[in-house]
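Next come the chains, spelled out residue by residue.
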There are 2 protein chains.
Amino acid sequence: MEIEPATPGKARLFARGWSWLKALPARKFKKVVEAAKSIKQLGQDDPRRVIHCLKVGLALTLVSLLYYCKPLYEVFGGSGIWAVITVVLVLEFTVGATISKGLNRGFATLFAGALAIGTEHFSRLFDRKAEPIVLGVFLFLLATTSSFTRFIPRIKAKYDYGVLIFILTFTLVSVSGYRTENLLEVAYQRLSAIAIGGATCIIMSVFVSPVWAGKDLHKLTASNLEKLANYLEGFGGEYFQADPDHEEEGISTITAASNSKLDDKALLQGYKSVLNSKNTEESLASFARWEPGHGGFHFRHPWNQYLKIGALARQCAHRIEVLDGYINSDIQAPLEIRNKIRESSTKMCLESSQALRALASSIKTMTDPSAADPHVKNSETSINDLKIALESASKLENVDLLAIIPIASVASILIEITRYVERISELVHELSLLAYFKSAATSVQQEPGSGLHRGSVKPVFDDDSDRSVTIIVQATNVKIIDHQYDPSNTDLQENGIPDPAVKSDRLEERLNYILGRT
Amino acid sequence: MEIEPATPGKARLFARGWSWLKALPARKFKKVVEAAKSIKQLGQDDPRRVIHCLKVGLALTLVSLLYYCKPLYEVFGGSGIWAVITVVLVLEFTVGATISKGLNRGFATLFAGALAIGTEHFSRLFDRKAEPIVLGVFLFLLATTSSFTRFIPRIKAKYDYGVLIFILTFTLVSVSGYRTENLLEVAYQRLSAIAIGGATCIIMSVFVSPVWAGKDLHKLTASNLEKLANYLEGFGGEYFQADPDHEEEGISTITAASNSKLDDKALLQGYKSVLNSKNTEESLASFARWEPGHGGFHFRHPWNQYLKIGALARQCAHRIEVLDGYINSDIQAPLEIRNKIRESSTKMCLESSQALRALASSIKTMTDPSAADPHVKNSETSINDLKIALESASKLENVDLLAIIPIASVASILIEITRYVERISELVHELSLLAYFKSAATSVQQEPGSGLHRGSVKPVFDDDSDRSVTIIVQATNVKIIDHQYDPSNTDLQENGIPDPAVKSDRLEERLNYILGRT
């Protein structure tokens, strides 16, 4: 038997194992340090997270007083536990989520409790042996039907937690009611404990450094527009950047773009998060609807408008995603042609980007977005410039059509993006009216005799003065497109290039109404 | 005072109110009927929903026996309520979600309970007055730190519910422990009640008409590929469809496409749901990882591979979204040019579509995806045909470059989509190996002497026979691209056109290993 060669093998294995073991503490330590760093980063990225955790700890400690304080314990008894359960389950990161869960829990408990007590009384009409059967049948029917309502999209979106608590409470009360004599007293104790827990959560959430879902949605919308702007600003430089080595030969490889700094790359890739923003935006909007007025946001702030802007921003991001493919494409485009369209394309990108940036800053500061108008206009005019440049490029001799394809695609997608920026600008203008953004112009001019009460607004538009337009002028200058918005589907139904002529009478009426009030 | 005119006004108001009231029951009835219809539709769309609700009702009725049966009540007492709470909170639609929640709840309760009892014993070292203070400090620290872990992405993804239950249980036990003498007994009772509730859920979920998250993910992936295929199949017809009225004039408006049937439209728009499939896929995959083997899916089924395919399908969908803009575009393209590229584009669309359809059916039936290979090859060759057609189109006289732009963009995007289909095909081939799909060829040929144990596989490829390829041939025919896949980010990092030469040694090794086993 070959024992000899086995020993060195074993020895080697042992040596390897030993060095692995020796290195273990160092590696473990490194891992722990890395984990600690990433956790610290989580807190630094958003210090509100740390504050939220302190709030949870504080709220729990507060409601636990129901147990620790003898006088309170004498009132609530074992039911105090329901205040604790409520705090753990209801206190959420944002105010809207907390209020939504708190109200859902409160009403569901009240309703289910009442129903369960009714069922309990009904079942007592039967004899003691039949009682559990009657209760069981009721329980089965109610649990089955209520569970089914959780599949209905509208209920799932807003009241899912309420239905869950409804089933839970009904079961708890009807089941434990069978063994409890003073059911009403227990129900009263529990309900007040839940109310105390819920109130603690809502007070803690609203008054101790609140995190407003609405404000987050507002900021997210602005920052998404900024991310698109970053891309468009960088795209011109990336795509039309000429490789100095190849410039003389008239051919430039696009790999030159890969020389640019890593920081720029990260900035450019920001748009990718916009692609998947739909769920975040929708949940923030659904929480925001529960929030009371705060800061510049009143109770019925037009949150849907943010979803519309978000849907268009995503459409833009889809096009940018395709555009981005051309930066990294291995298909080479002749420098001669790229030079032809460089100026107009770069200008179009820059103007669109500046328009988006102005719109983002208008949303952020809640001021009138008219600063974006000249950029939108310029980007529109550069569409024609680009077309002329492309036409002259096609007249070049010795130019292969195949070489033009990628350039033509880039140009065509850029034109589409410009059109989308135009539509985003329209939506932000609508938002500024619906949400009473502060006006950049201080005085509201009103043409004598232009009776607003007649229900129509006369356009007062001066093409030469971009900056001195009045509020009324801006309002009538907005081209209103009715998106036939369905809140359950934020992907707008129209595609391609919009028709600015499609006007919505309904929305125009609403704008006139708002104008009449301001 | 003008009382006279007020009366007719009032009468009119009254009449209007009356007719409104009269119409009310009819309208209410109509609304109720509509709601009932949509609810019925929910059940018909997926009858598993109805079964799930019945399962919830049954499970709740079962655990309520802990209360209704006297012998059981004597064992569990009031703690039986925890079985009820567990069933309401843990029983979810899919097996994976139920198991994940059940295990999370079980382990969190066990761990938190032990910790709370330890804390309780520690606090009893202090005098009765200091005890609540010590307990409160512990509670605050633990609730704060545990809440923070819920912000850590990896914990949030898998153990969010566990952490919540951990906080809840620790608070409950430590708080009520202060007022309970026989703490250990209560803890034991509760734990067994929770175990009974959890076991009921898991048994109900796994053995009574189970809904597997993994199977749903599998089906979703296949149906997403089919939706893309539907679009590509329809696109050729939609875009290149000539308006018979305008054909003679050589110009065709694309509005002709709007004449096509509404059903087709709905089929074409199916790809839109692919755009936002990321969250659904990720949650299904995370549940699937908890599921035991079932049907063709073993415990460590390569669920990540589905996420990779899904990410590429989304990339495809982004491009289709942009493509779709051109169908509805108001920019008219001359029929002359469109005719030039019609044949090659339509062929490319059809071949890509058939490749996707073959891949989808391979996933659905879990059979070898080599039926897609000839279509992938044909779509690749039609890229060259399209380029040649475009080149000849550019040689036409009197053709304006501007007219070519949209056509060139469409062609360029179609080419990109074809490249993505190629990559999807590669990933499905990988999946077929990793998940042991049934082979289409019945016999496994092995070249004599091609030592699989040497760790390398010799390619045995016969170009003329597409159908009689052996498993080994198919495996080495797969071009492996290492996507450096990060489960927290399913958006692939590479963009643009892929380089099939980038091979991953690691994955190849794994494939060889798998091949050695089959």
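Residues numbered from 1 in each chain as written. Chains lettered and ligands numbered in written order. Predicted model: local features only at pLDDT ≥ 70, side-chain atom pairs only at ≥ 80, totals over all residues. Heavy atoms only, no water.

Condition: UniProt positions are given in the numbering used here, feature names are shortened, and annotations may be inferred rather than shown by experiment.
Chain A has the name Aluminum-activated malate transporter 8-like in an unreviewed UniProt entry, where Juglans regia is given as its organism. One UniProt comment on chain A, placed under Subcellular location (unreviewed entry), says "Membrane". Chain A has a UniProt comment under Sequence similarities (unreviewed entry) that states "Belongs to the aromatic acid exporter (TC 2.A.85) family."

### Regarding the overall build of chain A
The condition that has to hold: Numbering goes from the N terminus for both helices and strands, where a helix is a DSSP run of H or I of at least four residues and a strand is a run of E of at least two. Throughout this description, buried means an accessible area under 20% of the type-specific maximum (1.4 Å probe, protein chains only), exposed means over 50%, and partly exposed covers the range between. Residues are treated as being in contact if the distance between any of their heavy atoms lies within 4.5 Å. Residue-level accessible areas treat just the shown protein chains as cover; the underlying method is Shrake-Rupley with a 1.4 Å probe.
If you tally the helices and strands in chain A, you get 20 helices and zero strands. Within chain A, the proportion of its 518 residues that are buried is 51%. For chain A, contacts bridging at least 24 residues in sequence account for 80% of all contacts bridging at least 6. Accessible surface for chain A amounts to roughly 24,900 Å². Of this, 60% is attributable to carbon and sulfur atoms.

### Observations regarding a positive patch on the surface
Cut-off, in case you're wondering: What goes into a patch is any residue over 30% in relative accessible area without a salt bridge, connected to like charges within 9 Å or, for nonpolar side chains (Val, Leu, Ile, Met, Phe, Trp, Tyr), within 5 Å. The term salt bridge refers to a side-chain nitrogen of Lys or Arg lying within 4 Å of a carboxyl oxygen of Asp or Glu. Under the convention used here, Asp and Glu are negative, Lys and Arg are positive, and both His and the chain ends fall outside the count. Where a charge sits is defined by one atom per residue type, namely NZ (Lys), CZ (Arg), CG (Asp) or CD (Glu).
A cluster of basic residues, Arg-27, Lys-28 and Lys-31 of chain A together with Arg-154, Lys-158 and Arg-289 of chain B, forms a positive patch at the surface. Mapped onto the positive patch, the elements with two or more residues apiece are helix H1 (6–45) of chain A together with helix H8 (153–177) of chain B. With three residues, the top contributor of residues to the positive patch is H1 of chain A. Note that Arg-289 of chain B resides in the loop between helix H14 (278–288) and helix H15 (303–327).

### Concerning the layout of surface pockets
Just so we agree on the cut-off: A cavity here means a set of points on a 1 Å grid, drawn over the protein atoms and nothing else, where a 1.4 Å probe fits but cannot get out; a pocket is an open set with protein on both sides within 12 Å along at least five of seven lines, and a residue lines either one if it has an atom within 4 Å of a point. Grid points are joined across faces, edges and corners, and a volume is the space filled by probe spheres set on the points. Each residue gets one label: Ala, Val, Leu, Ile, Met, Phe, Trp, Tyr, Cys and Pro are nonpolar, Asp, Glu, Lys and Arg are charged, and the others, such as Gly, are polar.
There is about 620 Å³ of room inside the second largest pocket. Along the walls of the second largest pocket sit 25 residues, with Gly-78, Ile-81 and Arg-190 of chain A together with Gly-78 and Arg-190 of chain B positioned nearest its centre. Mapped onto the lining of the second largest pocket, the elements with two or more residues apiece are helix H5 (81–90) and helix H9 (183–207) of chain A together with helix H5 (81–90) and helix H9 (183–207) of chain B. Grouping the amino acids of the lining of the second largest pocket by side-chain chemistry returns twelve nonpolar, nine polar and four charged.

### Examining the relation of the copies chain A and chain B
In plain terms, the rule: Least squares is the method for superposing the copies, and the C-alpha atoms it fits come from residues with pLDDT of at least 70 in both.
Under the fitted operation, chain A is carried onto chain B by 0.1 Å of movement along the axis and a turn of 180 degrees, and the coordinates agree to an RMSD of 0.2 Å. The relationship between the two copies is best expressed as a two-fold rotation axis. Across chain A, the smallest distance between a C-alpha and the rotation axis is recorded for Ser-409 of chain A, namely 2.1 Å. Same-surface contact between copies: 99% of interface residues of chain A are shared with the interface of chain B.

### Structural notes on the pattern of salt bridges
Residues and elements named next belong to chain A. Counted under the stated rule, the structure contains 24 salt bridges over all chains. Note that Lys-101 and Glu-92 form a salt bridge whose closest N and O atoms lie 3.1 Å from each other. Exposure remark for Glu-92: the relative accessible area of 26% places this residue in the partly exposed category. Here Arg-319 ties to Glu-416 by a salt bridge, and the two come within 3.0 Å at their closest N and O atoms. Separated by 97 residues along the polypeptide, Arg-319 in helix H15 (residues 303–327) and Glu-416 in helix H18 (residues 401–434) bring together distant segments of the chain. Each of the two residues, Arg-319 as well as Glu-416, counts as buried. A network of salt bridges, in which partner residues are shared, links Glu-120, Arg-124, Arg-128 and Glu-131.

### Re the packing of helix H7 (residues 131–149) of chain B against H8 of chain B
All names here are of chain B. Put simply, the rule is: Whenever a helix is involved, its axis is fitted only over the stretch in contact; in every case the axis is a line through C-alpha atoms, and angles between N-to-C directions fall within 0 to 180 degrees. Should an angle fall under 35 degrees it is taken as roughly parallel, and over 145 as roughly antiparallel, whereas 65 to 115 is taken as roughly perpendicular and any remaining angle as oblique.
Taken N-terminus to C-terminus, the directions of H7 and H8 make an angle of 170 degrees; their axes are 9 Å apart at the nearest point. Relative to H8, the element H7 is oriented roughly antiparallel. Residues Leu-135, Leu-139, Leu-142, Ala-143, Ser-146, Ser-147 and Thr-149 of H7 lie in contact with H8, whose contacting residues are Ile-155, Val-163, Phe-166, Ile-167, Phe-170, Thr-171, Ser-174 and Val-175. Grouping the constituent residues of the contact of H7 with H8 by class yields ten nonpolar, five polar and no charged.

### Remarks on the packing of H5 of chain A against helix H6 (residues 95–123) of chain A
All names here are of chain A. The line we're drawing: Left-handed describes a crossing whose near helix is turned anticlockwise from the far helix by less than a right angle; the clockwise case is right-handed.
Closest axis-to-axis distance for the H5/H6 pair is 10 Å, and the angle between their directions is 140 degrees. Taken as axis vectors, H5 and H6 run oblique relative to one another. Considering how the two elements wind past one another, H5 and H6 form a crossing that is right-handed. Contacts from Trp-82, Ile-85, Thr-86, Leu-89 and Val-90 of H5 reach H6 at Thr-98, Lys-101, Gly-102 and Arg-105. Its residues placed into classes, the contact of H5 with H6 shows four nonpolar, three polar and two charged.

### So, the interface of chain A and chain B
The condition is simple: A quick way to say it: buried area is the sum, across both parts, of accessible area lost when two parts are put together, with a 1.4 Å probe. Pairs of N or O atoms within 3.5 Å make up the polar contacts considered here, provided that, within protein, one atom can donate a hydrogen while the other can accept it, and that residues adjacent in sequence are counted only when both atoms are side-chain atoms.
Between chain A and chain B, the contact holds 83 residues from the first and 82 residues from the second. Buried area between chain A and chain B, both sides added, is near 7,700 Å², and the carbon and sulfur share of it is 72%. Viewed at the interface, chain B and chain A are joined by zero salt bridges. Taken together, the links from chain A to chain B amount to four residue pairs in polar contact (both at pLDDT 80 or more). It is helix H2 (residues 48–63) of chain A that contributes the most residues to the side of chain A that touches chain B, ten residues altogether. The class makeup of the residues in the side of chain A that touches chain B is 45 nonpolar, 24 polar and 14 charged.

### With respect to the packing of aromatic side chains
As a reminder, the rule being used: Aromatic rings from Phe, Tyr and Trp, with only the six-membered ring used for Trp, were paired whenever their centres fell within 6.5 Å, and each pair was classed as stacked if the ring planes differed by under 30 degrees, edge-to-face if by over 60, and tilted otherwise. Put simply, a charge is over a ring when the Lys NZ or the Arg CZ is close to the ring centre, within 6 Å, and near the line of the ring normal, within 35 degrees.
Tallied over the full model, the rule gives 20 aromatic pairs over all chains. One aromatic cluster in this structure is built from Phe-93 of chain A together with Phe-148 and Phe-151 of chain B. Positioned above the aromatic ring of Tyr-161 of chain A is the side chain of Lys-101 of chain A, whose terminal nitrogen or guanidinium carbon lies 4.6 Å from the ring centre. The side chain of Lys-158 of chain A reaches across the aromatic face of Trp-290 of chain A, ending 5.9 Å from its centre.

### Quick word on H15 of chain A
Threshold: Given a helix with a known number of residues, its expected span is that number minus one, times 1.5 Å.
With 25 residues, H15 of chain A ought to run about 36 Å at 1.5 Å a step, and its terminal C-alpha atoms sit 36 Å apart, in line with that. For H15 of chain A, the buried fraction is high: 24 of the 25 residues fall into the buried class.

### Quick word on a nonpolar patch on the surface
A cluster of nonpolar side chains, contributed by Phe-14, Trp-18, Trp-20 and Leu-21 of chain A, occupies part of the molecular surface with about 520 Å² of accessible area. By the element assignment, Trp-18 of chain A lies in helix H1.

### A word on the UniProt feature "transmembrane region" (unreviewed entry) in chain A
Taking the numbering used here, the UniProt-annotated feature "transmembrane region" (unreviewed entry) corresponds to residues 80–99, 106–126, 132–152, 159–179 and 191–213 of chain A. Within the segment residues 132–152 of chain A, helix and strand shares are 86% and 0% respectively, and the terminal C-alpha atoms sit 31 Å apart.

### What to know about the environment of Ser-361 of chain A
Take Ser-361 of chain A: it is sitting in helix H16 (residues 335–365). A sequence separation of 96 residues divides Ser-361 of chain A from Lys-265 of chain A, and the C-alpha atoms of the two residues are 23 Å apart.

### Overview of unusual backbone geometry
Outside of glycine, negative phi angles account for most residues, and trans bonds account for most peptide bonds. All names here are of chain B. Within the chain, Ser-209 stands out as a residue other than glycine whose phi angle is a positive 35 degrees. Inspection of the secondary structure assignment puts Ser-209 in the loop between H9 and helix H10 (213–240). When its relative accessible area of 36% is taken as the criterion, Ser-209 is described as partly exposed. Phi at Tyr-436 is positive, roughly 55 degrees, even though this residue is not glycine.

### Some words on the confidence of the model for chain A
Residues and elements named next belong to chain A. In plain terms, the rule: In predicted models, pLDDT denotes the confidence assigned by the predictor to each residue on a 0 to 100 scale.
Here chain A averages 76 in pLDDT, and 75% of its residues register 70 or above. Within chain A, helix H19 (residues 471–477) has the poorest average pLDDT of any element, 34, and H2 the best, 92. Note that pLDDT drops below 50 for residues 1–7; the model gives that stretch zero contacts with residues more than four away or on any other chain. Across residues 441–518, where pLDDT falls below 50, the model places 99 contacts with residues more than four positions away in sequence or in other chains. At the level of chain-chain contacts, confidence expressed as ipTM amounts to 0.74, with global pTM at 0.74.

### Some thoughts on the side chain of Glu-351 of chain A
Residue and element names in this part refer to chain A. Looking at where Glu-351 falls in the secondary structure, it is placed in helix H16. For the buried Glu-351, no salt bridge is present, and the opposite-charge side chain at shortest range is Lys-347, 5.2 Å distant. Reaching out from Glu-351, the side chain makes a polar contact with the side chain of His-375 at a distance of 2.9 Å. The residues contacting Glu-351, other than those within four sequence positions of it, are His-375, Asn-378 and Ser-379.

### What about helix H7 (residues 131–149) of chain A?
Between its terminal C-alpha atoms H7 of chain A stretches 27 Å, which fits the 27 Å expected from 19 residues at 1.5 Å a residue. Buried within H7 of chain A are the following residues: Glu-131, Pro-132, Val-134, Leu-135, Gly-136, Leu-139, Leu-142, Ala-143, Thr-144, Ser-146, Ser-147 and Phe-148 of chain A.

### Description of the environment of Gly-270 of chain B
Structurally, Gly-270 of chain B can be placed in the loop between helix H12 (262–268) and helix H13 (272–275). For the pair Gly-270 of chain B and Ala-229 of chain B, spaced 41 residues apart in the sequence, the C-alpha separation amounts to 9.9 Å.

### With respect to the state of the cysteines
All names here are of chain A. Keep this limit in mind: Count a disulfide wherever a pair of cysteine sulfur atoms falls within 2.5 Å.
According to the stated counting rule, one finds zero disulfides over all chains in the structure shown. Its sulfur unpaired, Cys-53 is 14 Å from the next cysteine sulfur, which belongs to Cys-201. Given a relative accessible area of 1%, Cys-53 falls into the buried group.

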